[in-house]
Amino acid sequence: MATTEFGHTVRRWRDRISPEAAGLPVGGHRRAAGLRREELALLAGISVDYVTRLEQGRAANPSEQVVEALGRALRVSAPEREHLFHVAGLVPPGQGTVPAYITPSVQRLLDRLTGTPVAVSDATWTLLLANPLYTALMGRFHGNERNAVWRNFLGSGTRVRHTPQSRRALEAAQVAQLRATANRYPADQRLRRLIAELRANSPRFAELWDSGAVSRHEASRKTIDHPQVGPLTLDCDVLSVAGSDLRIMIYTAEPDTEDAQRLALLAVLGTQTFVG
């Protein structure tokens with residue numbers, strides 16, 4: 001019963017969100033004003049087939065991550081988010097867990113920064129939302145790769161160029177921040193599993209974790225090696241959202257530079273890939 005109601009709720013709320021409101025380009029003939037299934041799937045980072053099965057009640061027991069991602073894509077209010085968890089048969093995350101709700105004001109901020117790569121992460125550095133230009137700059141991340149700490153210690157890394165010194169500084173800062181987050185949210189089971197996996201599979205993470213090193217993330221200049229437009233050296237600033245423990249990462253280029261020109265070109269190219 002809960003699964004069927006969840007699917008109906010997702011379908012109804014999908015119909016009320018226009019592509020413009022979701023930050024998507026509008027083109028061609030549309031039979032309805034709302035989002036298509038493939039557009040919702042793209043925004044939520046899940047497959048179209050899974051969205052279809054959820055809406056039709058053929059997929060049972062969606063995870064917290066899926067419900068949270070669909071809620072963000074559907075731009076739900078706080079009460080609606082709580083309702084979405086209930087109809088999925090889940091208890092909404094409580095005060096002891098890492099917040100993942102993106103407020104409408106933060107969402108509007110992303111909507112207005114279309115010419116700037118912007119991404120929002122939670123306190124564990126798990127990517128919650130990225131605008132199209134950020135995705136074009138850094139690529140798409142799926143599964144565990146959406147967590148920056150997991151990606152840097154166990155995954156494939158990113159397009160950001162590092163020296164040995166800058167990589168060591170990044171690793172120390174990430175471990176220190178994750179430890180601080182674990183101290184703030186001791187009841188978060190997902191965070192505890194993440195830390196356990198990192199300690200078990202990354203000797204470098206385990207070394208830093210056990211050493212108790214203290215560090216913090218600083219504003220910096222980063223060079224991103226992009227496969228289409230070449231290297232871009234950009235300023236990277238991380239803003240904190242009061243009361244929600246969200247991190248907003250913003251990349252900007254100095255005006256009238258080759259980096260600014262390449263970033264503008266990337267805004268035109270988007271995520272398409274040229275062959276030949």
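Look above for the structure.
The structure presented is a predicted model; accordingly, all values stated were derived computationally and were not measured.

Turning to helix H10 (residues 189-201), a few remarks are in order. Compared with an ideal rise of 1.5 Å per residue, which puts 13 residues at 18 Å, H10 spans 18 Å between its outermost C-alpha atoms and is within 8% of the ideal. In this structure, the buried side of H10 is in contact with helix H8 (148-153), helix H9 (164-184) and helix H11 (203-211). One side-chain oxygen at the N-terminal end of H10 lies 3.1 Å from the backbone nitrogen of Arg190; it belongs to Asp188.

The next thing to look at is the pairing of strand S2 (residues 127-130). If a strand is regular, its side chains alternate between the two faces of the sheet. Here strand S1 (residues 118-121) runs beside S2; their pairing, made up of three bridges, is antiparallel. Following the sheet pairing, Ala119 is matched in S2 by Ala130. Connecting S1 to the antiparallel partner S2 that follows it, the hairpin turn spans five residues, and Trp125 within it adopts a positive phi of roughly 65°.

We now examine the pattern of salt bridges. As a working rule, side chains carrying opposite charge can pair if their charged atoms are close by. Enumeration over the complete set of coordinates arrives at 16 salt bridges. Put simply, Arg16 and Glu80 hold a salt bridge, and the shortest N to O gap is 3.0 Å. Here the residue Arg16 occupies a position in helix H1 (residues 2-16), and Glu80 occupies one in helix H5 (residues 78-87), the gap between them amounting to 64 residues. Judged by its relative accessible area of 40%, Arg16 is partly exposed. Since its relative accessible area comes to 21%, Glu80 is described here as partly exposed. Arg37 is the salt-bridge partner of Glu55, the closest N and O atoms lying 2.7 Å from each other. Of this pair, Glu55 sits in helix H3 (residues 48-55) while Arg37 sits in helix H2 (residues 37-44), placing them 18 residues apart in sequence. Classification of Arg37 as partly exposed rests on a relative accessible area of 23%. Here the salt bridges share partners, and the residues they tie into one network are Arg14, Arg37 and Glu55.

To continue, consider the nonpolar core. Leu137, Met138, Leu178, Leu198, Phe205 and Tyr251 are the most contacted members of the largest nonpolar core, which has 38 residues in total. Only helix H7 (132-138), H8, H9, H10, H11, strand S4 (230-241), strand S5 (246-252) and helix H12 (258-269) provide two or more residues apiece to this core. Of the residues forming this core, the biggest block, five residues, is contributed by H7. The contact partners of Tyr251, leaving out residues within four places of it in the chain, are Thr116, Pro117, Tyr134, Leu137, Met138, Val160, Lys222, Ile224, Leu234, Asp235 and Cys236.

For the pair H9 and H10, interaxial distance at closest approach is 10 Å and the crossing angle is 145°. Between H9 and H10 the crossing geometry is left-handed. For the pair H9 and H10, contact is made by Leu178, Thr181 and Ala182 and by Leu191, Leu194, Ile195 and Leu198, respectively.

Next up on the list: the environment of Val268. As for its placement among the helices and strands, Val268 is situated in helix H12. The spacing of Val268 and Asn183 is 85 residues in sequence and 43 Å in space, taken between C-alpha atoms.

Scanning the model with the defined rule gives one cavity of 30 Å³ or more in all. What the largest cavity holds in volume is close to 310 Å³. Mapped onto the lining of the largest cavity, the elements with two or more residues apiece are S1, H7, H8, H9 and S5. Sorting elements by how many residues they give to the lining of the largest cavity places H9 first, with four residues. For the lining of the largest cavity, the class distribution of residues is twelve nonpolar, seven polar and four charged.

Another aspect to go through is the packing of H2 against H3. Where H2 meets H3, the axes come as close as 8 Å, and the angle between the chain directions of the two elements is 110°. Taken together, H2 and H3 sit at an angle that is classed as roughly perpendicular. Seen from above, H2 lies across H3 with right-handed handedness. Contacts between H2 and H3 pair Arg37, Glu38, Leu40 and Ala41 from the former with Val48, Val51, Thr52 and Glu55 from the latter. Among the residues forming the contact of H2 with H3, the class breakdown is four nonpolar, one polar and three charged.

Here we come to the sheet that holds S1. One open sheet holds the five strands; their spatial order is S2-S1-S5-S4-S3, and the pairing between them is antiparallel. Two strands bound the open sheet, and with one partner strand each, they are S2 and strand S3 (220-226). The sheet shows a mean angle of 30° between the axes of neighbouring strands, direction not considered.

Definitions and limits used
Residues numbered from 1 in each chain as written. Predicted model: local features only at pLDDT ≥ 70, side-chain atom pairs only at ≥ 80, totals over all residues. Heavy atoms only, no water. Helix = DSSP H or I, 4+ residues; strand = E, 2+ residues; numbered from the N terminus. Expected span 1.5 Å × (residues − 1). Contact = heavy atoms within 4.5 Å. Polar contact = N/O pair within 3.5 Å; in protein donor to acceptor, adjacent residues only side chain to side chain. Pairing = 2+ DSSP bridges. Salt bridge = Lys/Arg side-chain N within 4 Å of Asp/Glu carboxyl O. Buried < 20%, exposed > 50% of the residue type's maximum accessible area, 1.4 Å probe, protein only. Core = buried A, V, L, I, M, F, W, Y, C linked by side-chain atoms within 4.5 Å. Axes fitted to C-alpha atoms, helices over the stretch in contact; angles between N-to-C directions. Left-handed = near helix turned anticlockwise from the far one by under 90°. 1 Å grid on protein atoms, 1.4 Å probe; cavity = no way out; pocket = protein on both sides within 12 Å on 5 of 7 lines; lining within 4 Å. Points joined across faces, edges and corners; volume = space filled by probe spheres on them. Nonpolar A, V, L, I, M, F, W, Y, C, P; charged D, E, K, R; others polar. Parallel < 35°, antiparallel > 145°, perpendicular 65-115°, else oblique.

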